[in-house]
Each structure stands twice: as C-alpha cells, then as structure tokens.
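A closer look at the structure
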Amino acid sequence: MKPYQHVLIEECDEPLVPLPLGEFAVVTPHPYVALGAPYGDLSPYWVRQSVAIALHQAQQTLQTQHPGWQLQIFDAYRPLAVQQFMVDYTAQELAQQQGLNLAQISDAERQALMAQVYQFWALPSPNPKTPPPHSTGAAIDLSLVDETGQPIDMGSPIDEVSARSHPDHFQHQMDAYSQQVHRHRVLLRQAMKAAGFEQHPNEWWHFSLGDQMWGWLKAKSTGQAAIARYGSMVPED
C-alpha cells in the first residue's frame with residue numbers, strides 16, 4: 001500500500017459531472033481512448049461537482065497573470081478497467097524499452113518493472129478502501145495552453161516514467177530553458193493550489209481535491225487528521 005491509501009474515506013456522495021469543455025482546452029483525441037482503453041459509454045472528462053467548480057477557480061487565477069491562457073485537460077475520471085488497461089500498457093512499453101519480454105522475464109525482473117510502473121500509476125484496486133485516485137473523480141491530469149491554443153512547454157510529456165516528471169526536477173538547473181520550464185510548472189501549481197488542489201509528489205501534471213492523496217498531503221502540511229471525502233464511483237446514467 002502507498003502511504004495515502006491508509007487515509008479514511010468518508011464518502012459524501014457528491015455526483016460526478018461532465019466538465020464544461022468549452023471553458024477548458026482538452027487533448028484530442030483523448031490519448032487513452034485512442035489506445036483502446038475500455039471507457040464504454042463513460043467519459044474521461046467527468047469529475048466530482050466541487051472539483052469542476054475548483055477547476056474554474058484555478059483557471060480564473062491563471063488568467064489574472066496570463067489573460068487568454070487555459071488549463072488543458074488531459075484526463076480526469078477513469079473506470080477501474082481503464083486504470084488496469086493503462087497499467088498493463090505502461091508495463092509493456094517499459095519492457096520493450098528495456099529489451100524485456102514480459103512472457104519470459106523472471107519474477108525479480110517483473111517486480112522491478114512493476115515498481116517502476118507503480119511509481120507513476122496507482123494499483124487498479126477494487127477495494128473500496130484503496131481506490132485509484134482517478135477512479136474517484138477527484139484527480140485530474142492537466143497542462144497549460146496559451147491564448148492561441150498552443151501547448152506551453154512543461155519540460156516533459158504527461159505520463160513520462162522518468163525523473164523529469166517530478167514537479168521540481170528543473171528547479172536547480174540554471175540554464176534558461178530549465179528555468180523557463182520550472183516557472184511554467186510553478187504557475188500551474190500555484191493556480192491549482194489557490195483553488196484547493198494538492199499536487200502529486202512525483203507528477204507535475206497530477207492534482208487532486210478530496211481523495212485519499214489530497215487528504216494525506218493536507219495532513220502532512222497542516223498536521224490535521226487525514227480524511228478523504230471521495231471514494232470510487234461510477235457516474236449515473
């Protein structure tokens with residue numbers, strides 16, 4: 001178990017709602033849908049109602065500094081089947097990069113490979129006490145675009161399994177490019193935190209509000225009891 005998965009969930013039964021996509025930029029086609037991830041009739045652009053409101057607030061904060069810039073939504077709600085699909089896909093991609101055959105590797109090699117995967121992907125657990133963050137509707141992956149709709153350079157692509165994904169990876173690199181990238185990441189973080197979100201420690205793009213990770217991070221910074229208000233959920237028809 002990851003540390004945040006020990007946080008108690010007191011489900012508030014707030015509904016999942018579709019994001020107003022006219023308000024935010026989105027990545028199209030949706031990257032996991034394009035790979036064949038099994039969303040069925042569900043949308044990857046759903047979040048809990050309070051999360052949608054907070055995203056609106058974050059974008060307003062962003063635009064006070066950069067008028068016309070937008071949050072670009074990469075991914076939000078994921079059914080457990082999609083989480084499993086992406087864990088399997090990432091493991092296969094990493095194995096190929098490392099010259100490994102998943103069908104033939106040893107138990108030790110498999111454990112080492114999956115440790116890399118689970119550094120960036122949550123276990124697709126059906127246990128209601130340990131839901132993947134994205135399956136709660138409280139976690140969102142996102143980036144920035146400028147007033148022309150062009151992506152802002154954040155230094156590494158979303159979902160990259162490397163040290164470059166850590167939020168402050170470029171902070172102490174003094175070249176002009178690294179410092180610019182770091183400023184972009186700080187800009188995103190400041191806008192999101194002003195709206196109540198917490199940032200994943202290993203991923204510059206991942207923020208949450210109300211799930212176990214959010215509760216764990218809030219408790220670390222405030223010393224208060226860690227409680228989450230959102231668990232796994234399937235949207236109503």
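Residues numbered from 1 in each chain as written. Predicted model: local features only at pLDDT ≥ 70, side-chain atom pairs only at ≥ 80, totals over all residues. Heavy atoms only, no water.

Under an unreviewed UniProt entry, the protein has the name D-alanyl-D-alanine dipeptidase and belongs to Leptolyngbya iicbica LK. If you open the UniProt record of the protein and go to Catalytic activity (unreviewed entry), you find "D-alanyl-D-alanine + H2O = 2 D-alanine". Quoted verbatim from the Function (unreviewed entry) field of UniProt, the annotation for the protein is "Catalyzes hydrolysis of the D-alanyl-D-alanine dipeptide." (UniProt positions renumbered as here; feature names shortened; annotations may be inferred.)

1. As for unusual backbone geometry
A cis amide bond links Thr28 to the next residue, Pro29, at an omega of -5°. With respect to the helices, strands and loops of the structure, Pro29 is situated in the loop between strand E3 (25-26) and helix H1 (31-35). At Asp13, a position not held by glycine, the phi torsion is positive, near 60°. Relative to the helices and strands, Asp13 is located in the loop between strand E1 (8-9) and strand E2 (16-18). For Asp159, which is not glycine, the phi dihedral falls at a positive 80°. Structurally, Asp159 can be placed in the loop between strand E6 (139-145) and helix H5 (176-194). Under the relative-accessibility criterion, Asp159 is labelled partly exposed at 21%. (Helix = DSSP H or I, 4+ residues; strand = E, 2+ residues; numbered from the N terminus. Buried < 20%, exposed > 50% of the residue type's maximum accessible area, 1.4 Å probe, protein only.)

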